[in-house]
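# Structural overview
Read off the chains here:
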Amino acid sequence: MVAAREPSQKVHTYKDIEFTLKKSERKTTSIYIERDGSVSVLAPKPFDMERVQATLEKKRSWIYRNLAEWEDLNRTRVHREYVNGESFLYLGRRYQLELVKTQGVPLALKQGKFCLVKDLVPKAERYFQEFYKNKLKPRLDERIDQYAPRLGVSPRRVKVMELKNRWGSCSATGMINVHWKCAMLPLSVLDYIVVHELSHIENPNHTPAFWRAVEKALPNYEEQKKWLKFNGAGMSL
Ligand SMILES: [Zn+2]
């Protein structure tokens, strides 16, 4: 896997896992996949290498699964130049970019084109993110309202945000977070993410009961799941 790292951090190796050690305030040893796809081990000081290695061994399959997911999301990161004719996804469709001199807002979807004020190109990424966030929230709320009663659950809060390497997440207390990138997905795939996270309210893990709940609310979920696995990687700003 390809990952950028802070040059100052010492990289340790355990079998084929590269990791950096960080001091934990707590007595427990835990593992994180960082935003750049590197592995960090949080451990109390002084570092006990045997304990660190034992934790890595125990969490091996978890680490591999998460690194694979991270790579899926970042493998084909698009390089953006924000020039006329470049295409951007919105709800599963591609729209071309047109740079304009002026308009009421920095970025708007008008007559089948993404129109961006030319002078604001240096901040284009931010405006696209804002556009996606603002457009996604009401759609997401609408989908939640549709599917939550079918699953017999009610989330405590739903938020659109930057989620690093996940499309969505659901906390034990029923708070659902969805990545703003979901605004790029076709609505049928967004539905799968909504149903997936709603199903986690009652089933925190991916158990057979969890998948049964997903299937009950969304009988064709396998199709959407595959679509996401296959196409999700290339979706970035
Ligand atoms: Zn899940």
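As recorded by an unreviewed UniProt entry, the chain carries the name SprT family zinc-dependent metalloprotease and is attributed to Dasania phycosphaerae.

Domain boundaries assigned for the chain yield domain 1 (11-74), domain 2 (87-127) and domain 3 (136-234). Centre-to-centre separation of domain 1 and domain 3, based on C-alpha positions: 27 Å.

H196 (NE2), H200 (NE2) and H206 (NE2) make up the full set of protein donors to the zinc ion, lying at 2.0 Å. H200 sits in the buried class, given a relative accessible area of 10%.

Moving on, we come to the pairing of strand β11 (residues 175-179). Extensive coverage of β11 is indicated by the burial of 4 of its 5 residues. Of the strand pairs in this sheet, strand β9 (residues 157-161) and β11 are connected by 5 bridges, and their pairing is parallel. Bridging across to β11, V160 finds its partner in V178. Inspection of the sheet shows strand β10 (residues 168-170) paired to β11 by 3 bridges, in the antiparallel sense. The residue bridging C170 from the neighbouring strand is I176, located in β11.

Following the criterion strictly, the structure yields 9 salt bridges and no others. Across the pair E130 and R126 runs a salt bridge, and its minimum N-O distance is 3.7 Å. On the criterion of helical spacing, the pair formed by E130 and R126 is a turn pair, its members being 4 residues apart in helix α3 (residues 124-151). In this structure E130 comes out as partly exposed when scored by relative accessible area, which is 37%. Sharing partners across several salt bridges, the network here consists of E142, R143 and D191.

Across the chain, pLDDT averages 88, with 91% of residues at or above 70. Taken as a whole, residues 1-7 scores under 50 in pLDDT and shows 16 contacts with residues more than four places along the chain or in a different chain.

With that out of the way, let us pick up the side chain of S199. Tracing the chain through its elements places S199 in helix α4 (residues 187-202). At 2.7 Å, the side chain of S199 forms a polar contact with the backbone oxygen of V195. If near-sequence neighbours (up to four positions away) are discounted, S199 is found in contact with L151, F210, A213 and V214.

Backbone hydrogen bonds are what pair the strands of a sheet, in a parallel or an antiparallel way. Across the sheet, which stays open at both edges, the 4 strands sit in the order β5-β6-β8-β7 with mixed pairing between neighbours. Of all the strands in the sheet, just β5 (87-90) and β7 (107-110) have a single pairing partner and so form its edges. The average undirected angle you get between the axes of adjacent strands in this sheet is 35 degrees. Taken together, the 4 bridges between β7 and strand β8 (residues 113-117) define a ladder with antiparallel strand orientation. Paired with L109 across the two strands is F114, which belongs to β8. Across the face of the sheet, α3 comes into contact with β5, β6 (93-100), β7 and β8 while running at roughly 20 degrees to β5.

As a further point, take α4. Here α4 is 16 residues long and its end C-alpha atoms lie 24 Å apart, about the 22 Å a rise of 1.5 Å per residue gives. Every buried residue of α4 is listed here: V189, L190, D191, Y192, I193, V194, V195, H196, E197, L198, S199 and H200. Close packing links the buried residues of α4 with α3, β10, β11, α5 (208-217) and α6 (221-231).

Moving on, we get to the packing of aromatic side chains. Taken as a whole and assessed by the stated rule, the structure comprises 15 aromatic pairs. Seen from their ring centres, Y82 and F128 are 5.9 Å apart, and the 35 degrees between their planes marks the pair as tilted. With a gap of 46 residues between them, Y82 in the loop between α2 (60-74) and β5 and F128 in helix α3 connect regions that are remote in the sequence. For Y82, a relative accessible area of 9% gives the class buried. The class for F128 is buried, based on a relative accessible area of 0%. An angle of 80 degrees between the planes, with centres 4.8 Å apart, marks the rings of F210 and W211 as edge-to-face. The same class applies to F210 as to W211, namely buried. Positioned above the aromatic ring of F88, the side-chain terminus of R80 is 3.8 Å from the ring centre.

Criteria and thresholds
Residues numbered from 1 in each chain as written. Predicted model: local features only at pLDDT ≥ 70, side-chain atom pairs only at ≥ 80, totals over all residues. Heavy atoms only, no water. Domains from an automatic or database assignment. Donors = N, O, S within 2.8 Å, 3.2 Å for Na, K, Ca; no water. Buried < 20%, exposed > 50% of the residue type's maximum accessible area, 1.4 Å probe, protein only. Helix = DSSP H or I, 4+ residues; strand = E, 2+ residues; numbered from the N terminus. Pairing = 2+ DSSP bridges. Salt bridge = Lys/Arg side-chain N within 4 Å of Asp/Glu carboxyl O. pLDDT = per-residue confidence, 0-100. Contact = heavy atoms within 4.5 Å. Polar contact = N/O pair within 3.5 Å; in protein donor to acceptor, adjacent residues only side chain to side chain. Axes fitted to C-alpha atoms, helices over the stretch in contact; angles between N-to-C directions. Expected span 1.5 Å × (residues − 1). Phe/Tyr/Trp six-rings, centres within 6.5 Å; stacked < 30°, edge-to-face > 60°. Lys NZ or Arg CZ within 6 Å of the ring centre and 35° of its normal.

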